[in-house]
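# Observations on the three-dimensional arrangement
The primary structure of each chain is shown beneath.
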Amino acid sequence: MSEYAWEPTPETIERANVTRLMRRHGVADIDAMRARSVADIDWYWDAVVQDLGLPFSRPYGAVRDGSRGIEWTTWFTDGRFNAVAACVGRWRDDPERAGAPSVVHESETGEVAALSYAELAAEVDRVARGLRERGIGKGDVVAVFMPMVPEAVVALYAAAAVGAVSLPLFSGFAAGAIAARLQDAEAKVVFTTDGTWRRGKHALLKAACDEAVERCPSVEHVVVHRRLGIDVPWFEGRDVDLADFGAPGDGAFEIEDTGAEDPLLIGYTSGTTGKPKGAVHTHAGFVVKVASEVAYEFDLHPGEVYTWITDMGWIMGPLSVMGVHALGGTLLLYEGAPDTPGPDRVWQLVERHKVTVLGVSPTLIRTLKAAAPPPGDEIDLSSLRVFGSSGEPWDEDAYMWLADSVGRRARPVINFSGGTEVGGAFLAPYPVEPIKPCSLGGPSMGMDVDVFDPAGGSLRGAVGELVCKQPWPAMTRGVY
């Protein structure tokens, strides 16, 4: 048996987005591309913008400015860029994408809904009008405490459309954790739902939100999506039904003219090593980085379906939303427990929605492996080309069960390691190279990664500190 869990076929290499990028610039293979991408990071990140057609309303004069020092590097100097224009606006009148699904949603109870790109744009416009009518604009913080529903995507984009900063919150947080982040960020608006489904039962999000908001005097409005249609406490003057928040208007909403470096979102760390810290990410830097990874590592093409079993409150939520939509792909949101009503739910999602890229955690795969045999020919996984994984190390048994028993060694596992502060990956393999079991492959392109000993020397064959020696567009701009 080969030492590799994945070896690319000529067909895989030929159709890969990263192959297109390499050929445009006369680069022979992925190793050479990694090397060139860090030999001249300005060249690389400009090449990404051009290759993916990411729209700047005003072109940047320079790719970056490091005059204040490496830790305060800014990107796309003097450029004007808004994430909504790049991820939603440019598709709304596109003859191929306007009517295509931007978001598909499946709930634990089996309900399915979808928004085309034109419909997503109209909903973002409506909710953005509601925010602007209430005086929300540049510098204000808008929290999103919602499960994986289309309304969460709309709320993220609506905040960006008015120039506000979005604050995604994990939908399983208790009131104390919500309040700590709302207080820290001085949020003015919170989007939430009456509740959601978890393992066949109602989980009441608004109750937790109400308890948290009592401790947060900065919050002026709580916008409620009536997801379950159940009775919940209502605070007149503060609470507003999402269905009544903003009205349809004539023509497209005038998106705020944001600069490339304007704050887009705050990603809070988990708090496992102390007080949670809010990592600030910017409009252009975050979108350029996550679009590059969904394109080149996960190899998503326009019209293909991508899903990640995650939550909007973790960095993989916003990464998935904006990375997929920057490419004109379809984002599948699954709301609920991924092993409910049974351990084959994930594979049924792939079959039903013709998923191309499936993102999982090693813990989820260990759970599914323990619960049932791998899916057989009774479930059609023919649409699935790529597995993604993140969040923790693999063990070889679980990894090979996914790669071999489920994937039949015909699909790479793109094991992706970075984090909230990184705004994407430090390390990841590419589908055009052989991948060893449990491997992180190597540096993500544009990331000048090394391992250092305590004296700052490059280290191999021993444990050291992972270091990125040059800046990158999605690097944290500071702690909010």
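Data block above holds the structure.
Residues numbered from 1 in each chain as written. Predicted model: local features only at pLDDT ≥ 70, side-chain atom pairs only at ≥ 80, totals over all residues. Heavy atoms only, no water.

A few words on the overall build of the protein. When its secondary structure is counted, the protein shows 14 helices and 22 strands. Along the three orthogonal principal directions, the C-alpha set of the protein runs to about 65 × 55 × 50 Å. For the protein, buried positions account for 58% of its 480 residues. Within the protein, contacts between residues at least 6 apart in sequence are counted, and of these 71% link residues at least 24 apart. About 18300 Å² of surface is accessible on the protein, with carbon and sulfur atoms providing 52% of the total. For the protein, the distance from the average site of its 44 positive side-chain charges to the average site of its 66 negative ones is 1 Å. (Helix = DSSP H or I, 4+ residues; strand = E, 2+ residues; numbered from the N terminus. Buried < 20%, exposed > 50% of the residue type's maximum accessible area, 1.4 Å probe, protein only. Contact = heavy atoms within 4.5 Å. Areas by Shrake-Rupley, 256 points an atom, 1.4 Å probe, with all protein chains shown as cover. Lys, Arg positive; Asp, Glu negative; His and termini not counted. Charge placed at Lys NZ, Arg CZ, Asp CG, Glu CD.)

Attention now goes to the packing of helix 8 (residues 175-185) against helix 9 (residues 205-213). Put simply, helix 8 and helix 9 touch, their axes get as near as 8 Å, and they point 50° apart. Regarding the angle of helix 8 to helix 9, the classification is oblique. Both helix 8 and helix 9 take part in a crossing whose hand is right-handed. Taken together, the residues of helix 9 that come into contact with helix 8 (itself represented by A175, I178, A179 and L182) are A208, C209, E211, A212 and V213. Residue composition of the contact of helix 8 with helix 9, by class: eight nonpolar, no polar and one charged. (Axes fitted to C-alpha atoms, helices over the stretch in contact; angles between N-to-C directions. Parallel < 35°, antiparallel > 145°, perpendicular 65-115°, else oblique. Left-handed = near helix turned anticlockwise from the far one by under 90°. Nonpolar A, V, L, I, M, F, W, Y, C, P; charged D, E, K, R; others polar.)

On the surface, a cluster of negative charge is contributed by D344, E351, E378 and D380. Tracing the chain through its elements places D344 in the loop between strand 15 (330-335) and helix 12 (345-353). (Patch = residues over 30% accessible without salt bridge, like charges linked within 9 Å, V, L, I, M, F, W, Y side chains within 5 Å. Salt bridge = Lys/Arg side-chain N within 4 Å of Asp/Glu carboxyl O.)

All told, the structure shown has two cavities of 30 Å³ or more when counted by the stated rule. Taken as a whole, the largest cavity holds about 50 Å³ of empty space. Every residue lining the largest cavity is listed: P168, I266, G267, Y268, M312, G313, W314, I315, P318 and T420. In terms of residues, the lining of the largest cavity owes the most to one element, strand 12 (residues 263-268), which gives three residues. Residue classes in the lining of the largest cavity are distributed as seven nonpolar, three polar and no charged. Considering only enclosed or pocket space, the second largest cavity measures out at about 30 Å³ in volume. Lining of the second largest cavity is provided by M148, Y306, T307, W308, T310, S320, L331, L332, L333 and Y334. Of all elements in the fold, only strand 14 (305-308) and strand 15 reach the threshold of two or more residues within the lining of the second largest cavity. (1 Å grid on protein atoms, 1.4 Å probe; cavity = no way out; pocket = protein on both sides within 12 Å on 5 of 7 lines; lining within 4 Å. Points joined across faces, edges and corners; volume = space filled by probe spheres on them.)

Further remarks concern the nonpolar core. Counting residues in each nonpolar core, the largest one holds 134 residues, and the members touching the most others are F76, Y157, F191, Y296, Y306, M322 and W347. When residues of this core are assigned to their parent elements, the largest contribution, 10 residues, is made by helix 7 (residues 150-161). When residues no more than four places from it in sequence are discounted, the contact partners of Y306 are V294, F298, L300, M316, L319, S320, V324, T330, L331, L332 and V357. Judged by nonpolar contacts, the second largest core, of 26 residues, contains A143, I178, L205 and V224. (Core = buried A, V, L, I, M, F, W, Y, C linked by side-chain atoms within 4.5 Å.)

An order of 4-3-15-14-16-17-18 is seen for the seven strands of this open sheet, with the pairing classed as mixed. Unpaired on one side and paired on the other, strand 4 (112-116) and strand 18 (413-415) mark the two borders of the sheet. Pairs of neighbouring strands in the sheet enclose a mean axial angle of 20°, with direction left out of account. Here five bridges tie strand 3 (residues 101-107) to strand 4, and the two strands are oriented antiparallel to one another. Residue pairing for strand 4: V103 is matched across the bridge by L115. The sheet contacts of helix 6 (residues 117-133) involve strand 3 and strand 4, and relative to strand 4 the element is tilted by about 85°. Set on the sheet, helix 14 (residues 396-406) makes contact with strand 16 (357-360), strand 17 (386-389) and strand 18; between it and strand 18 the angle comes to about 155°. (Pairing = 2+ DSSP bridges.)

Here the largest pocket is characterised by a volume of approximately 1400 Å³. Residue lining of the largest pocket: 48 residues in total, with I309, T310, D311, W314 and S361 positioned closest to the centre. For the lining of the largest pocket, the secondary structure elements donating two or more residues are strand 8 (196-198), strand 15, helix 13 (362-371) and strand 19 (417-419). Looking at side-chain class alone, the lining of the largest pocket contains 20 nonpolar, 20 polar and eight charged residues.

Turning our attention to the environment of D29. In this fold, D29 is placed in the loop between helix 2 (17-24) and helix 3 (30-39). Considering only alpha carbons, one finds D29 and H281, 252 residues apart in sequence, at a separation of 31 Å. Polar contacts involving the side chain of D29 include one to the main-chain amide nitrogen of D31, which spans 3.3 Å. A polar contact is formed between the side chain of D29 and the backbone nitrogen of A32, at a distance of 2.8 Å. (Polar contact = N/O pair within 3.5 Å; in protein donor to acceptor, adjacent residues only side chain to side chain.)

Moving on: the environment of T192. With respect to the element layout, T192 can be found in strand 7 (residues 189-193). Given the relative accessible area of 0%, T192 is considered buried. In this structure the C-alpha to C-alpha distance between T192 and K206, which are 14 residues apart in sequence, comes to 6.5 Å. In this structure the side chain of T192 is engaged in a polar contact, spanning 3.0 Å, whose partner is the backbone oxygen of F145.

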